[in-house]
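# An overview of the molecular structure
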Amino acid sequence: DGSDTGPGIGLEEELRGVWISYLEWEKLPKDQDGFEAAVDEMFDNVKSWGMNAVFVHVRSHSDAMYPSAYYPWSKFVSGTAGKAPGYDPLAYIIESAHDRGLQFHAWLNPYRITGYLMSWEEVPESSPAKQWRNDSDPSNDRRVLNHDGAWYYNPSSQEVRELVIYGAGEIVKNYAVDGIHFDDYFYPELNDASASRCFDLP
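The rules behind the values
- What you see as residue numbers is a count from 1 along each chain, following the sequence as written.
- For this predicted model, a pLDDT threshold of at least 70 governs which residues receive local features, and a threshold of 80 or more governs which side-chain atom pairs are given and counted, while totals over whole chains, interfaces and linings are taken from all residues.
- Excluded from the side-chain calculations are hydrogens and water; all other atoms, namely the structure's heavy atoms, are used.
- Among buried residues, the Ala, Val, Leu, Ile, Met, Phe, Trp, Tyr and Cys ones that are joined through side-chain atoms within 4.5 Å form a nonpolar core.
- Only protein chains enter the accessibility calculation, which uses a 1.4 Å probe. A residue is then buried if its area is under 20% of the maximum for its type, exposed if over 50%, and partly exposed in between.
- Counting from the N terminus, the helices are DSSP H or I runs at least four residues long and the strands are E runs at least two residues long.
- By definition, residues are in contact when any of their heavy atoms lie within 4.5 Å.
- The span one expects for a helix is its residue count, reduced by one, times 1.5 Å.
- To obtain the arc, one takes the directions from the helix axis to the C-beta atoms.
- Within 6.5 Å between ring centres, the rings of Phe, Tyr and Trp (the latter by its six-membered ring) count as paired, and their orientation is classed by plane angle as stacked under 30 degrees, edge-to-face over 60, tilted in between.
- Lysine and arginine charges are scored as sitting over a ring when NZ or CZ, respectively, is within 6 Å of the ring centre and within 35 degrees of the ring normal.

## Looking at the nonpolar core
- Formed by 48 residues in total, the largest nonpolar core has its most connected members in Trp 25, Phe 43, Val 54, Val 58, Ile 93, Phe 104 and Tyr 153.
- Sort the elements by how many residues they give to this core and helix 2 (residues 32-48) lands first, with six residues.
- Not counting residues up to four positions away in its chain, the partners in contact with Phe 43 are Ile 20, Val 54, Ile 93, Ser 96, Ala 97, Arg 100 and Leu 102.

Okay, structure coming up:
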């Protein structure tokens with residue numbers, strides 16, 4: 001019917017987006033004023049390049065770039081995993097995008113817990129991963145798996161799947177996002193014939 005599918009994008013127009021990862025978040029100022037000014041400048045640039053959408057990391061390592069009922073604060077927001085920055089960066093970054101006619105798509109990595117710039121030691125005790133691994137119930141240990149020194153959620157676990165669903169649901173409920181994207185699953189290549197390529201519990 002020709003109605004808009006989101007800010008600045010009609011049904012006839014192609015989607016032209018920029019992906020903004022946790023590596024960009026890591027470089028953004030941590031104070032509110034500095035963060036907002038940097039985001040505005042970034043999105044001014046995106047708009048000047050002829051883009052009409054941004055795909056922004058809101059969860060990269062079992063964390064959240066917003067206040068979450070399920071995941072701890074991301075270190076890439078405040079500088080320390082589990083530490084609140086004192087404001088809601090996701091609310092502002094969405095507002096800044098929409099003010100410029102840019103669609104905002106929330107980008108999530110559903111299974112990765114550790115990896116580049118994020119170690120197991122940095123994962124807060126409030127993380128579902130550490131709660132499952134460090135409680136006295138061995139029946140839930142396999143919800144979190146280790147492979148070659150890196151940690152992942154186990155997608156065969158119903159509880160893990162529910163965590164992913166609830167985590168996405170709270171974003172849709174609480175924020176005016178134009179899309180949810182699961183990407184960069186960062187799940188390792190396995191080989192059942194080789195013990196060195198299997199998951200293990202250290």
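## Examining the environment of Ala 97
- As for its position among the elements, Ala 97 is in helix 4 (residues 89-99).
- A residue is classified by how much of its surface remains accessible, and Ala 97, at 0% relative accessible area, is buried.
- Sequence separation between Ala 97 and Phe 43 is 54 residues, and the spatial gap between their C-alpha atoms is 6.5 Å.
- Apart from residues lying up to four places away in sequence, Ala 97 is in contact with Phe 43, Val 54, Leu 102 and Phe 104.

## Focus on helix 6 (residues 158-174)
- With 17 residues, helix 6 ought to run about 24 Å at 1.5 Å a step, and its terminal C-alpha atoms sit 24 Å apart, in line with that.
- Considered for burial, the residues of helix 6 that qualify are Val 160, Leu 163, Val 164, Gly 167, Ala 168, Glu 170 and Ile 171. One side of helix 6 holds all its buried residues, which, seen down the axis, span an arc of 155°. In helix 6, the exposed positions angled more than 90 degrees off the buried face are occupied by Ile 165, Val 172 and Lys 173.
- Those residues of helix 6 hidden inside the fold are in contact with strand 2 (53-59), strand 3 (103-108), helix 5 (128-134), strand 5 (150-153) and strand 6 (179-182).

## Thoughts on the packing of aromatic side chains
- Summed over all chains, the structure comprises nine aromatic pairs.
- Taking 6.0 Å as the distance between ring centres and 85° as the angle between the ring planes, the aromatic pair formed by Trp 132 and Tyr 153 counts as edge-to-face. One end of the pair, Trp 132, is in helix 5; the other, Tyr 153, is in strand 5, and 21 residues separate them in sequence.
- For Trp 132, a relative accessible area of 14% gives the class buried.
- Judged by relative accessible area, Tyr 153 falls into the buried class, the value being 1%.
- In textbook terms, an aromatic cluster arises when at least three aromatic residues are bridged by ring pairs, as seen for Trp 19, Phe 55 and Trp 107.
- Cation over ring: Arg 59 sits above Tyr 71, and NZ or CZ is 3.8 Å from the ring centre.

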